[in-house]
Amino acid sequence: MISVRCPHCQVGLKVDESKIPANIQTFNCPKCKQPIAVSYVINSHPVDDSETIILSAPEGKNAKAGKLHVLPNEFTPEQFIRLSEGINIIGRKSPSKESVTAIETKDKLMSRSHIGIEVRTDTKGKYIHSLYDNKSTNRTLYNKNYIEPGETVILKNNDEIQIGQTRLIFEEDNPC
């Protein structure tokens, strides 16, 4: 079983991984009926299954959407977070209140739902990745500049995001 929190109504859900189809990209919240994007994480370090809230997928899944490279530091091991189409809420993993996509870290300056990245396609089918601060306590740096409340930025290959003391690099799988 994995724990998931709906980004729309914040209800906590328990999902049986064995009943999730391999090709699923979203599912509807049973309470508010809004779609919840399924995020994919490729960790370089094993994660305790009791705290895992991310569905794993092969590296090739959703390959044209980007990913985040979580750079290692004294609080955080190196990780790769696959982004999926829809809204991806990203933050610090917590056993009591999980974000939709959790980063394994001891960085207390990172909020549990620190940033959002919306992935959508344009008229030509190319993925567009929009980053925003999700009302975090300690704000978000984008290429060394703070994202203002309500501001959204379009991510480009190798852009740097800092949440808390943790740096992330945005990587397009097929940059143009």
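Before reading further, recall that the structure is shown in the block above.
These figures come from a predicted structure and were not determined experimentally. (Residues numbered from 1 in each chain as written. Predicted model: local features only at pLDDT ≥ 70, side-chain atom pairs only at ≥ 80, totals over all residues. Heavy atoms only, no water.)

S.K.: So what's going on with the nonpolar core? Which residues, and what values?
M.R.: By size, the foremost hydrophobic cluster in this structure holds 21 residues, and its most contacted members are Leu68, Ile117 and Leu131. Of all the secondary structure elements, the ones that give two or more residues to this core are strand E6 (67-70), strand E10 (115-121), strand E11 (127-133), strand E15 (160-163) and strand E16 (166-171). Considering each element in turn, this core owes the most residues, 3 residues, to E10. (Core = buried A, V, L, I, M, F, W, Y, C linked by side-chain atoms within 4.5 Å. Buried < 20%, exposed > 50% of the residue type's maximum accessible area, 1.4 Å probe, protein only. Helix = DSSP H or I, 4+ residues; strand = E, 2+ residues; numbered from the N terminus.)

S.K.: Explain the pattern of salt bridges to me, and be specific about the residues and the numbers.
M.R.: Following the criterion strictly, the structure yields 4 salt bridges and no others. For glutamate 148, the salt bridge identified is with arginine 139, shortest N-O distance 3.1 Å. Residue class for glutamate 148 comes out partly exposed when judged on its relative accessible area of 42%. The exposure class of arginine 139 is partly exposed, given its relative accessible area of 32%. Close ionic contact of lysine 156 with aspartate 159 constitutes a salt bridge, the shortest N to O distance being 3.8 Å. Taking relative accessible area as the criterion, lysine 156 reaches 48% and is therefore assigned partly exposed. Assessed through its relative accessible area of 6%, aspartate 159 is described here as buried. Bridged by salt links that share partners, the residues Lys144, Glu160 and Arg167 form one connected network. (Salt bridge = Lys/Arg side-chain N within 4 Å of Asp/Glu carboxyl O.)

Function cannot be inferred from these measures alone, as they are strictly geometric.
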